Amino acid sequence: MSEQTAVRERAWSSTAPPGEFRTYISADESPKEFTIRAVILGALFGLLFGAVTVYVGLRAGLTVSASIPISVLSISILRAFGRSTILENNIVQTTGSAGESLAAGVMFTIPALIFLGFGSEFTFWRIFPLALLGGWLGVLFMVPLRRQLIVKEHGNLSFPEGTACADVLVAGERGGSFAGRVFWGLGLGGAYTFLMNTVQAWTSQPESRPSWFPGASFRAAITSEYLGVGYIIGPRVSGILFAGGIISWLVMMPAIKFYGQLGGTTPIYPSTIPIAQMSPDQIWGSYIRPMGAGAVAAAGLITLLRTLPTIISALRAGLKDVRAEGAGQATASSRIDRDVPMRWVIIGSIVIVAMMWVLLTFHPMKGASTYWYQNAFAGVFVVIFGFLFVTVAGRISGLLGNSSNPISGMSIATLMATCAIFFVAGWTAPNYQVLALMIGGVVCIAAAIAGATSQDLKTGYLVGSTPFWQQMGLLIGVTVSTLAIGTTLNLMNKGLEKYLPTQIPVNIQTLPSGAKVERDTFIYKGKTYVLVNSLGSHEIPDGEYLYDAGTKQIEFQWAQGIGSDKAPAPQARLMATVISGILNQRLPWHLVLMGVALVVAVEILGVRSLAFATGSYLPLGTTAAMFAGGLVRMLVEATTKKKDESEASPGALYSSGLIAAGGVFGLLGIIINLLQDPEISNRVPHWVTSAFGLPWRADLFAFGPKFMGPLATSNLFGIFMFALLAASLFYFARKKLD
């Protein structure tokens with residue numbers, strides 16, 4: 001065994017050409033792999049990074065790969081419990097990274113339920129089954145594609161994240177230590193986030209609205225996760241994102257304010273407030289969001305069209321491989337050729353479609369039930385589009401990397417095709433909007449998990465793991481992380497929600513077009529209201545409202561957490577915009593088309609438009625903080641005279657710690673907010689309120705203003721603390737790994 005180890009250390013290379021390549025662990029060796037401790041640790045990482053990805057993704061509209069941070073942490077943790085093998089660490093990262101990729105697909109689509117007017121149905125038990133079905137489908141559909149994409153195309157498809165992860169695992173096997181850098185990011189980022197969000201020692205968003213530039217707002221959401229994301233995506237991408245924000249917040253919004261105030265007291269659709277009276281956030285919500293939605297949709301479709309030749313070749317290769325794979329699966333020649341049997345894939349796919357049909361038919365959302373044959377149609381569509389885009393996602397991830405996987409574009413294409421068929425068939429009622437979203441959501445989740453799964457399988461192929469055990473780890477990781485994803489989405493939606501006093505006289509019997517009664521009984525502060533939803537109405541702004549039968553008017557707006565400025569969820573709102581626009585035809589099309597035209601102009605200039613479009617939609621504070629992270633990376637590269645492109649570089653590992661810390665402690669802050677809610681006694685059992693003394697005082701942890709005085713609300717002090725965090729990133733990015 002020692003001779004084999006010596007040969008591995010001398011000669012192994014992850015990028016060796018096909019004729020010379022061999023796996024790090026040979027097929028003849030059988031070290032420990034699918035162990036209980038590896039599966040449990042991977043499942044725990046799936047829970048953690050699934051929750052963190054949802055938190056960061058809803059806020060920033062972006063996700064970053066979790067495979068390498070999980071690999072680094074796994075090497076350190078398993079080593080503390082005794083000798084571990086490289087294949088055990090690979091099972092940990094395979095199982096754990098499923099949470100991150102699954103979270104991306106879920107948060108891009110399922111929150112659109114809120115924007116479509118089914119916010120009261122946005123519960124854990126609605127999210128969980130859809131996420132689970134999409135995740136399982138993505139893993140199973142990748143099984144017959146593995147040999148074609150991973151083995152036969154070795155040397156042609158690079159799978160950059162998967163290859164980098166294999167290099168990290170091998171370095172860890174040889175004694176390299178990276179985990180300390182991630183833990184430093186976790187520690188400093190966690191302390192920073194806790195002091196800022198929970199203790200409120202300084203402001204989380206310094207802002208200036210100069211009187212000499214009405215309509216504009218200079219701001220930065222100075223969080224550790226935005227700084228980390230900005231560093232990882234680099235100065236160019238973060239700069240393009242920030243440029244989109246500048247166009248929206250410092251060009252378009254001041255222009256809207258300048259010309260709009262000439263309208264006096266007359267509201268201009270889609271707003272119901274005169275522009276002269278609108279704040280920058282109201283201008284962004286009413287006018288910039290539709291433009292941004294049009295921009296993101298156009299950029300997603302352009303990205304999809306650009307990869308059309310790849311899509312066609314990927315589909316042909318995938319179908320050819322599936323036809324030839326049946327016999328090969330039954331007679332695996334060695335351990336490293338053993339996959340999940342094809343009959344499992346076929347039976348599992350049929351079961352998933354049947355489960356979706358049962359879910360839609362026997363447990364429909366309130367006000368969104370559909371006929372059994374329509375639900376069967378949805379199941380067939382999921383299989384067709386699912387296999388198409390799983391194949392595409394796997395090949396594009398291999399060719400360009402998982403970050404270039406056009407998930408949004410594929411989801412938009414699915415929704416547009418589905419909604420077009422529904423429109424021709426006359427299925428335009430709100431219940432069909434939900435059915436279209438279910439189809440698009442499951443396909444999006446399957447495509448997201450497939451892109452990441454292909455990277456994991458490539459890592460396994462390079463290090464010599466058993467594909468069957470990796471695929472089992474992925475199924476376990478998907479199942480477990482779904483719990484964290486559903487819980488986190490629900491937690492953020494509840495924890496960030498607000499009830500805003502809003503007085504709008506309406507006749508509940510004859511609501512204006514675009515408004516509907518969502519629920520006859522809604523209790524708030526012990527009083528019963530009627531829940532009214534508005535989407536595309538000229539009289540009532542988009543949102544959900546509490547109508548008081550006594551005063552015969554709307555008294556409050558129920559502003560749910562997802563969709564607010566703290567969790568804008570741009571992709572999910574885009575999905576709702578596409579569905580509503582095709583089926584209801586109530587979009588402010590002139591604003592949407594302005595966004596499309598902006599993207600076309602940017603493409604003509606030679607700039608890849610997806611990042612720009614996303615930046616034009618997001619709040620400026622988000623993109624400004626990410627640009628700061630990009631600037632830190634630019635300074636690191638300028639002072640060290642080398643490109644910091646590896647995902648296992650010192651700066652990238654420290655940034656991963658910052659992102660995880662921001663997500664974990666951000667969620668902790670939301671949980672504390674919920675425990676301070678005066679209404680919590682109506683939501684949890686009495687013994688819970690008694691045992692924990694709920695609700696907690698509002699100032700229980702927020703003692704920052706008391707001790708810090710004016711500094712706690714000072715913009716300059718907040719910027720100073722963010723600069724210190726950025727300086728720590730600069731220091732650790734330049735400090736070599738041990």
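Scroll up to find the structure this text is about.
The following paragraphs examine the structure supplied in this document. These numbers were taken from a predicted model, which means no experiment stands behind them.

What follows concerns the pattern of salt bridges. Under the counting rule described, the total for this entry stands at twelve salt bridges. The closest approach of N and O atoms between Arg 126 and Glu 121, which form a salt bridge, is 3.0 Å. Arg 209 is paired through a salt bridge with Asp 281; the nearest N and O atoms lie 2.8 Å apart. With Arg 209 in the loop between strand 1 (207-208) and strand 2 (218-219) and Asp 281 in helix 11 (residues 280-306), the pair connects residues that are 72 residues apart, well separated along the chain. The class for Arg 209 is partly exposed, based on a relative accessible area of 42%. Several salt bridges share partner residues, and in doing so they unite Glu 207, Arg 209, Arg 219 and Asp 281 into one network.

Turning next to the packing of aromatic side chains. In total, this model carries 39 aromatic pairs according to the counting rule given. Ring centres 6.1 Å apart and planes at 90 degrees place the aromatic pair Phe 377 and Trp 427 in the edge-to-face group. Taken as a pair, Phe 377 in helix 14 (residues 372-400) and Trp 427 in the loop between helix 15 (407-425) and helix 16 (430-463) lie far apart in primary sequence, 50 residues in all. Look at Phe 717 and Phe 720: their rings are 6.5 Å apart centre to centre, the planes differ by 25 degrees, and that puts the pair in the stacked class. With Phe 717 and Phe 720 both in helix 25 (residues 715-734), this residue pair falls three residues apart, about one helical turn. Phe 717 sits in the buried class, given a relative accessible area of 16%.

In this structure, Leu 58, Val 106, Leu 113, Met 438, Leu 489 and Met 492 are the most contacted members of the largest nonpolar core, which totals 179 residues. Top element by residues in this core is helix 16. It accounts for 20 residues. Once residues within four sequence positions are removed from consideration, Val 106 is found in contact with Pro 111, Ile 127, Ala 131, Ile 445, Ile 485 and Leu 489. With 19 residues, the next largest nonpolar core counts Phe 45, Phe 49, Ile 68 and Leu 653 among its residues.

Rolled over the atoms, a probe with the dimensions of a water molecule shows which regions are left empty. Its volume calculated, the second largest pocket comes out at about 1500 Å³. Lining the second largest pocket are 49 residues, with Gly 285, Arg 289, Asp 542, Gln 557 and Arg 573 positioned closest to its centre. Mapped by element, the contributors of at least two residues to the lining of the second largest pocket are helix 5 (112-115), helix 11, strand 3 (498-505), strand 5 (527-534), strand 6 (543-548), strand 7 (553-559) and helix 18 (570-583). No other element matches the eight residues that helix 11 contributes to the lining of the second largest pocket. Residue classes in the lining of the second largest pocket are distributed as 23 nonpolar, 17 polar and nine charged.

To continue, consider helix 4 (residues 86-109). Taking 1.5 Å as the rise per residue, helix 4 with 24 residues should run 34 Å; its terminal C-alpha atoms sit 36 Å apart, in good agreement. Of all 24 residues making up helix 4, 24 are buried, and the element is well covered by its neighbours.

Further remarks concern the side chain of Thr 23. Mapped onto the elements, Thr 23 comes out in the loop between helix 1 (2-11) and helix 2 (36-60). For Thr 23, a relative accessible area of 11% translates into the label buried. At a separation of 2.7 Å, a polar atom in the side chain of Thr 23 contacts the main-chain carbonyl oxygen of Ile 25. With near-sequence residues (within four places) excluded, Thr 23 lies in contact with Trp 12, Ile 336, Tyr 461, Leu 462, Val 463 and Gly 464.

Moving on: helix 19 (residues 589-604). Taking 1.5 Å per residue, 16 residues should reach 22 Å; helix 19 reaches 22 Å between its end C-alpha atoms and fits that length. Residues of helix 19 that are buried: Leu 591, Val 592, Gly 595, Val 599, Val 602 and Glu 603. Axial view of helix 19: buried residues confined to an arc of 130 degrees, hence all on one face. Within helix 19, the exposed residues directed more than 90 degrees away from the buried face are Leu 593 and Ile 604. In the core, the buried residues of helix 19 are packed alongside helix 11 and helix 20 (609-617). The first or second residue beyond helix 19 is Gly 606, which carries a positive phi of 90 degrees.

Let us now look at the pairing of strand 7. The buried fraction of strand 7 is high, at seven of seven residues. The pairing of strand 3 with strand 7 spans six bridges and is antiparallel. Bridge pairing in strand 7 places Tyr 499 opposite Trp 558. Here strand 6 folds back onto strand 7 in antiparallel fashion, the turn holding four residues, of which Lys 552 has a positive phi close to 55 degrees.

Attention now goes to the environment of Ala 726. You can see Ala 726 is positioned in helix 25. Since its relative accessible area comes to 15%, Ala 726 is described here as buried. Sequence spacing of Ala 726 and Leu 631 is 95 residues, and the spatial spacing of their C-alpha atoms is 9.6 Å. When near neighbours in sequence (up to four residues on either side) are disregarded, Ala 726 contacts Leu 227 and Val 632.

The rules behind each value
- Residues numbered from 1 in each chain as written.
- Predicted model: local features only at pLDDT ≥ 70, side-chain atom pairs only at ≥ 80, totals over all residues.
- Heavy atoms only, no water.
- Salt bridge = Lys/Arg side-chain N within 4 Å of Asp/Glu carboxyl O.
- Helix = DSSP H or I, 4+ residues; strand = E, 2+ residues; numbered from the N terminus.
- Buried < 20%, exposed > 50% of the residue type's maximum accessible area, 1.4 Å probe, protein only.
- Phe/Tyr/Trp six-rings, centres within 6.5 Å; stacked < 30°, edge-to-face > 60°.
- Core = buried A, V, L, I, M, F, W, Y, C linked by side-chain atoms within 4.5 Å.
- Contact = heavy atoms within 4.5 Å.
- 1 Å grid on protein atoms, 1.4 Å probe; cavity = no way out; pocket = protein on both sides within 12 Å on 5 of 7 lines; lining within 4 Å.
- Points joined across faces, edges and corners; volume = space filled by probe spheres on them.
- Nonpolar A, V, L, I, M, F, W, Y, C, P; charged D, E, K, R; others polar.
- Expected span 1.5 Å × (residues − 1).
- Polar contact = N/O pair within 3.5 Å; in protein donor to acceptor, adjacent residues only side chain to side chain.
- Arc of directions from axis to C-beta.
- Pairing = 2+ DSSP bridges.

No statement about biological role is implied by the geometric values presented.
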